[in-house]
Amino acid sequence: MKRTFMKGCEAIAEAAVRSGCRFFAGYPITPQNEIPEYFARRLPEVGGQFVQGESEVASISMVYGAAQTGTRAMTSSSSCGISLKSEGISYCASAHVPIVYANISRGGPGVGTIQPAQQDYFQATKASGNGGFRMMVFAPSTVQEAADMTYAAFDYAQRDRNPVLILADGVLGAIIEPVVLPPMRPDEEVSAMKKAQRSWALVGHDPAKEPRSFIEPGHWSIQEQEQSCKDNAALYDSWEKDAQEESLMIDDAEIVIAAYGISGRIARSAVSLLRKDGVKVGMIRPKTVSPFPEKAFDKLNYKRVKAILDVEMSIPAQMVYDVRLAVKDRCPIETCLRSGGEVIRREEIIASVRALSKA
Amino acid sequence: MEKVYGRTAAIQKDMVSSLCPGCMHSTMFKLIGEVLEKLDILSRTASVFGIGCCGLGMQYITYDNVTAPHGRACAVATGVKRSTPETIVYTYQGDGDLASIGLGETISAANRGENITVIFVNNGIYGMTGGQMAPTTLVGMKASTAPGGRNPKEHGYPLHMCEILNQLTAPVYLERCTCNTPANVIKTRKAIEKAFQNQIQGAGFSMVEVVTSCPTNWGLDPIESLKFLEEKMLTEFPLGVYRDRQEA
């Protein structure tokens, strides 16, 4: 397996191209600029199209348009830029248009800071736009995961005809690590994948011979709208099987850290150091934060577990609400939080675990 | 006997129009359909409709359609056209959609010279939402959000989209038409045909602005509306070809 050194943002873009992405539109915002810059160089090499949109709002609308033709299409942004895209994301979810987008998140709310943070958890998992839709949301903690998850995200988007989000952060976007890139899909396969979408795709149909493509982000009939909501709900329920997580040293754990993305990566290092000192600590790291891996929390032995430590780069904590639903009052839940662009330190997590362990 | 006129195959046969009496959208849907048939591109056309009364057409037409987020039709069309160049893509947008909430998307797509066709229906008022002031509402004209009439000191002046886009280098064709008389309907059809021909030839961005009436929200009957259109609207929005690069 060939390993290459790659920046997180660039690995996401390259993995997308290898998965068959042939359209990208985006607007500059730190810390995700390397994604559009990479696509601008790379897409012309594979016969794809890159557009620097006049805004985030326009860019997501371009992706909505491109994906309607059956073309694998993507956009990316960061935090406040993602807010602007929420209009188009909601349209994609409503009209069943498969797209992939990445949030290389930063401090917030508002313009916040340009440094890494995890302040967008609710936005990513609960309300990425109006109308109560949901998406599968992947939370990579390494460049390798960012590449693999982006590659797979296009297949999930296609399977469900629904948007998929890669929720990363400013650390993962900028970090350079070895990565084994997923295989490049040949041109024939990419064009066959597009042709396979033709029946519903907005490419032109002869009204005398076949049903037209009619892509509806809403309905005139309230009955149709309600049915559409019910169909969507059934889709979201079907994702329970798709939940992914990493459970680390939980068998004998007395303290269990819950952390995702970059916080999960730092917490893994804390777990390894604490274990050397004999502290019985483990970790559940959701790799999909939507669907949330609730069942992983059912596997804990609550006679032994003294507390869950929710570690996030968000103040106030956000994922902790999903953790509470999963833990179902079976043990206390504490938090260890940083935000504003401050990357959480391993020592802070270690001190929090030790305090809980002694309590 | 030779059949000289028939219903266009681009319009559904079993639909009853829900458009108001005197509304010109129905004429527009028919004209566009006739052009698509004449140019033999009906089977490879994708229509991108805006939000508002313009979007009502999605139910009446027989060919591919998507509704864009309000104002974003030119951005959506950019994505469709760039990813599938063999498809003929047009947007159909009202004045609120194209010139207010979508002003940025419209100007930017025109400035990039996207190879798309834009049909802009300008009746100087918000229709579906009930008569609010539009960017093209005439000075002094009453609207539900400008009950005393459009006052330039407070609201500024009507936007002239053909003239604004004519400041850009990239667009190839900009014409303003109307549909108040049979002669003008024929002129409008010719303009629409030209705008689609440009796209087929890969020439670039074409926009046909059509000044129309909205009797319901103007508070006038259809005949009075035609008079208002001729006397007031066409004075503010002069008809004509603003740009025709293909002619040269």
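Bear in mind that the values here come from a model prediction, so they are computed numbers and not experimental data. (Residues numbered from 1 in each chain as written. Chains lettered and ligands numbered in written order. Predicted model: local features only at pLDDT ≥ 70, side-chain atom pairs only at ≥ 80, totals over all residues. Heavy atoms only, no water.)

### Here we look at the overall build of chain B
Working step 1: On a plain count of helices and strands, chain B comes out with nine helices and seven strands.
Working step 2: The C-alpha atoms of chain B give a radius of gyration of 17 Å, which matches the 18 Å a tight globule of 248 residues would have.
Working step 3: Based on the C-alpha atoms only, the size of chain B along its principal axes is roughly 50 × 50 × 35 Å.
Working step 4: In chain B, which comprises 248 residues, the share counted as buried stands at 58%.
Working step 5: Taking all contacts inside chain B whose residues are at least 6 apart in sequence as the whole, residues at least 24 apart take part in 69%. (Helix = DSSP H or I, 4+ residues; strand = E, 2+ residues; numbered from the N terminus. Rg over C-alpha atoms; globule rule 2.2 N^0.38 Å. Buried < 20%, exposed > 50% of the residue type's maximum accessible area, 1.4 Å probe, protein only. Contact = heavy atoms within 4.5 Å.)

### Points about unusual backbone geometry
Residue and element names in this part refer to chain A.
Working step 1: Between Thr30 and the following residue, Pro31, the backbone shows a cis peptide bond with an omega angle of 10°.
Working step 2: Summarising the element assignment, Pro31 is placed in the loop between β2 (21-26) and α2 (34-42).
Working step 3: Pro291 follows Ser290 through a cis peptide bond whose omega is 0°.
Working step 4: With respect to the element layout, Pro291 can be found in the loop between β13 (288-290) and α11 (294-298).
Working step 5: One non-glycine residue with positive phi stands out, namely His96, at about 60°.
Working step 6: Locating His96 in the fold gives a position in the loop between α4 (80-95) and β5 (100-105).
Working step 7: Owing to a relative accessible area of 27%, His96 belongs among the partly exposed residues under this scheme.

### Describing the packing of helix α3 (residues 56-68) of chain A against helix α2 (residues 73-83) of chain B
Working step 1: The interhelical angle for the contact between α3 of chain A and α2 of chain B, taken along N-to-C directions, is 40°, at an axis separation of 6 Å. Classed by the angle they form, the pair α3 of chain A and α2 of chain B counts as oblique. As α3 of chain A packs across α2 of chain B, the resulting crossing turns out to be right-handed. Across from Ala58, Ser61, Met62, Tyr64, Gly65, Ala66 and Gln68 of chain A in α3 of chain A, the residues of α2 of chain B making contact are Ala75, Val76, Thr78, Gly79, Val80 and Ser83 of chain B.
Working step 2: Partitioned by chemical class, the residues of the contact of α3 of chain A with α2 of chain B number seven nonpolar, six polar and no charged. (Axes fitted to C-alpha atoms, helices over the stretch in contact; angles between N-to-C directions. Parallel < 35°, antiparallel > 145°, perpendicular 65-115°, else oblique. Left-handed = near helix turned anticlockwise from the far one by under 90°. Nonpolar A, V, L, I, M, F, W, Y, C, P; charged D, E, K, R; others polar.)

### Quick notes on the interface of chain B and chain A
Working step 1: Contacts between chain B and chain A engage 36 residues on the former and 32 residues on the latter.
Working step 2: For the pair chain B and chain A, the summed buried area comes to about 2600 Å², and 59% of that belongs to carbon and sulfur atoms.
Working step 3: Contact with chain A buries surface across chain B, with Asp64, Pro69 and Arg82 of chain B losing the most and accounting together for 21% of the total.
Working step 4: In this assembly, chain B and chain A are joined by two salt bridges.
Working step 5: Between Glu87 of chain A and Arg72 of chain B there is a salt bridge whose closest N-O contact spans 2.8 Å. (Buried area = accessible area lost by both parts, 1.4 Å probe. Salt bridge = Lys/Arg side-chain N within 4 Å of Asp/Glu carboxyl O.)

### A short note on the sheet that holds strand β1 (residues 45-49) of chain B
Working step 1: The sheet built from eight strands is open, its strands ordered β9(A)-β2(B)-β1(B)-β3(B)-β4(B)-β6(B)-β5(B)-β7(B) with mixed pairing. Each edge of the open sheet is held by one strand with a lone partner, namely β9 (214-215) of chain A together with β7 (240-244) of chain B.
Working step 2: Where β9 of chain A lies against strand β2 (residues 64-67) of chain B, two bridges are found, and the strand directions are parallel. Bridging from a neighbouring strand, Phe214 of chain A pairs with Asn65 of chain B of β2 of chain B.
Working step 3: The strands touched by helix α7 (residues 182-200) of chain B are β3 (88-94), β4 (117-122), β5 (173-178), β6 (206-211) and β7 of chain B; relative to β5 of chain B, the strand with the most contacts, the crossing angle is about 160°. (Pairing = 2+ DSSP bridges.)

### A few points about the side chain of Thr106 of chain B
Residues and elements named next belong to chain B.
Working step 1: Checked against the element boundaries, Thr106 lands in helix α4 (residues 103-112).
Working step 2: For Thr106, a relative accessible area of 0% corresponds to the buried category.
Working step 3: In this structure, Thr106 is in contact with Cys74, Leu98, Met161, Leu165 and Phe205, ignoring residues within four places of it in sequence.

### Thoughts on the nonpolar core
Working step 1: With 113 residues, the main nonpolar core has Ile35, Phe39, Met74, Phe297, Leu300 and Ile308 of chain A together with Met207 of chain B as its most contacted residues.
Working step 2: Mapped onto the domain boundaries, this core takes at least three residues apiece from domain 1 (3-195) and domain 2 (243-358) of chain A.
Working step 3: Excluding residues that lie within four positions of it along the chain, Met207 of chain B makes contacts with Leu98, Val118, Phe120, Met161, Cys162, Leu165, Tyr173, Leu174 and Glu175 of chain B.
Working step 4: Ranked by size, the runner-up nonpolar core spans 50 residues in total, among them Ala10, Ile41, Val121 and Leu229 of chain B. (Core = buried A, V, L, I, M, F, W, Y, C linked by side-chain atoms within 4.5 Å. Domains from an automatic or database assignment.)

### Topic: the domain arrangement of chain A
Reports of interface size often rely on the accessible area that becomes lost once the parts have come together.
All names here are of chain A.
Working step 1: Under the domain assignment, chain A is made up of domain 1 (3-195) and domain 2 (243-358).
Working step 2: Inter-centroid distance (C-alpha atoms) of domain 1 to domain 2 is 27 Å.
Working step 3: Each side of the interface is counted separately: domain 1 has 28 residues, and domain 2 has 28 residues.
Working step 4: Together, the buried faces of domain 1 and domain 2 total about 2300 Å²; carbon and sulfur atoms form 49% of this surface.

### Thoughts on the packing of aromatic side chains
We describe a pair of aromatic rings using the distance from one ring centre to the other and the angle between the two ring planes.
Working step 1: Overall, the coordinates contain 16 aromatic pairs over all chains when judged by the stated rule.
Working step 2: Ring geometry for Phe24 of chain A and Phe39 of chain A: centres 4.4 Å apart, planes at 15°, overall stacked. Of this pair, Phe24 of chain A sits in strand β2 while Phe39 of chain A sits in helix α2; the two residues are 15 residues apart in sequence, bridging distant segments of the chain. You'll find Phe24 of chain A and Phe39 of chain A in the same group, each marked buried.
Working step 3: Seen in terms of ring centroids, Tyr63 of chain B and Tyr90 of chain B are 6.4 Å apart; in terms of plane orientation they differ by 45°. Their pairing is tilted. Taken as a pair, Tyr63 of chain B in the loop between β1 and β2 and Tyr90 of chain B in strand β3 lie far apart in primary sequence, 27 residues in all. Across the pair, exposure class does not vary: Tyr63 of chain B and Tyr90 of chain B are buried alike.
Working step 4: Linked through ring pairs, Phe29, Phe49, Tyr60, Tyr63, Tyr90, Tyr92 and Phe196 of chain B together constitute an aromatic cluster.
Working step 5: Directly above the ring of Trp200 of chain A sits Arg161 of chain A, whose terminal nitrogen or CZ lies 3.9 Å from the centroid. (Phe/Tyr/Trp six-rings, centres within 6.5 Å; stacked < 30°, edge-to-face > 60°. Lys NZ or Arg CZ within 6 Å of the ring centre and 35° of its normal.)

### Some details on the environment of Thr117 of chain B
Residue and element names in this part refer to chain B.
Working step 1: Looking at the secondary structure, you find Thr117 in strand β4.
Working step 2: Using a relative accessible area of 0% as the deciding quantity, one classes Thr117 as buried.
Working step 3: With 81 residues separating them in the primary sequence, Thr117 and Asn198 have C-alpha atoms 8.2 Å apart.
Working step 4: Discounting chain neighbours no more than four positions away, the residues touching Thr117 are Val89, Tyr90, Thr91, Ala195, Phe196, Gln199 and Ser206.
Working step 5: Here Gln199 takes part through its side chain, which lies 2.9 Å from a polar atom of the side chain of Thr117. (Polar contact = N/O pair within 3.5 Å; in protein donor to acceptor, adjacent residues only side chain to side chain.)

### Some points on the sheet that holds strand β7 (residues 164-169) of chain A
Residues and elements named next belong to chain A.
Working step 1: Taken together, the seven strands give an open sheet; going across it, the order is β3-β2-β4-β5-β7-β6-β13, and neighbouring strands pair in mixed fashion. At either margin of the open sheet sits one strand with a lone partner, and together these are β3 (49-52) and β13. Each neighbouring strand pair of the sheet contributes to a mean axis angle of 20°, computed without reference to strand direction.
Working step 2: As defined by bridge partners, strand β6 (residues 136-138) adjoins β7 across three bridges and the pair is classed as parallel. Along β7, the bridge assignment pairs Phe138 with Ile166.

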